[in-house]
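What follows is each chain in one-letter form.
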Amino acid sequence: MTEADMQTIRETFSHQLGIYAEDGQHRFDLLAEGQQMLAEKLDATRDELKADIARVDQRVTVAEARLDQKIDGVEQRLSKQIDAVERKVDTVAVDLASHRRDTEAHPV
């Protein structure tokens, strides 16, 4: 093998290494680009989820306020009804006491 053959082998080997290095670099670039795209998608998804959560939180807050108003209304109506029942019971108690006194005043 001559020096020229060795030089040709070196050049061919060097050329092939350059091709593999270029191909490897290209693959790393694609990988990095894919990772960047995934990171951007994750960020976009995170932003969408935050917006969705904020909307749900707002709806829950509104529903909670409405429920509180309804509960307050029910409590007020119930309180009025209880007061009315108490007045009726007091009236019946007075009538019963009066009837008892009247019955005791007139022995059989």
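Structure's up top.
Residues numbered from 1 in each chain as written. Predicted model: local features only at pLDDT ≥ 70, side-chain atom pairs only at ≥ 80, totals over all residues. Heavy atoms only, no water.

> Which residues make up the overall build of the protein chain, and what values go with them?
Summing up its helical and strand segments, the protein chain has one helix and zero strands in all. In terms of overall dimensions, the protein chain has C-alpha extents of about 150 × 25 × 10 Å along its principal axes. The burial tally for the protein chain puts 1% of its 108 residues in the buried class. One way to put it: in the protein chain the 15 positive side-chain charges average out to a point 13 Å from where the 23 negative ones average out. (Helix = DSSP H or I, 4+ residues; strand = E, 2+ residues; numbered from the N terminus. Buried < 20%, exposed > 50% of the residue type's maximum accessible area, 1.4 Å probe, protein only. Lys, Arg positive; Asp, Glu negative; His and termini not counted. Charge placed at Lys NZ, Arg CZ, Asp CG, Glu CD.)

> An account of the pattern of salt bridges is needed here, citing residue identities and associated values.
Overall, the coordinates contain four salt bridges when judged by the stated rule. With a shortest N-O distance of 3.6 Å, R10 and E3 are connected by a salt bridge. The exposure class of R10 is partly exposed, given its relative accessible area of 43%. Under the relative-accessibility criterion, E3 is labelled exposed at 55%. In this structure, R55 engages D52 in a salt bridge whose closest nitrogen and oxygen atoms are separated by 2.1 Å. You can see R55 and its partner D52 sitting in helix 1 (residues 3-105), three residues apart, about one turn around the helix. For D52, a relative accessible area of 34% translates into the label partly exposed. (Salt bridge = Lys/Arg side-chain N within 4 Å of Asp/Glu carboxyl O.)

> Which residues make up a negative patch on the surface, and what values go with them?
Taken together, the side chains of E64, D68, D72 and E75 define an acidic patch exposed on the protein surface. With respect to the helices, strands and loops of the structure, D72 is situated in helix 1. Of the residues examined, D72 reaches a relative accessible area of 42% and is grouped as partly exposed. (Patch = residues over 30% accessible without salt bridge, like charges linked within 9 Å, V, L, I, M, F, W, Y side chains within 5 Å. Areas by Shrake-Rupley, 256 points an atom, 1.4 Å probe, with all protein chains shown as cover.)

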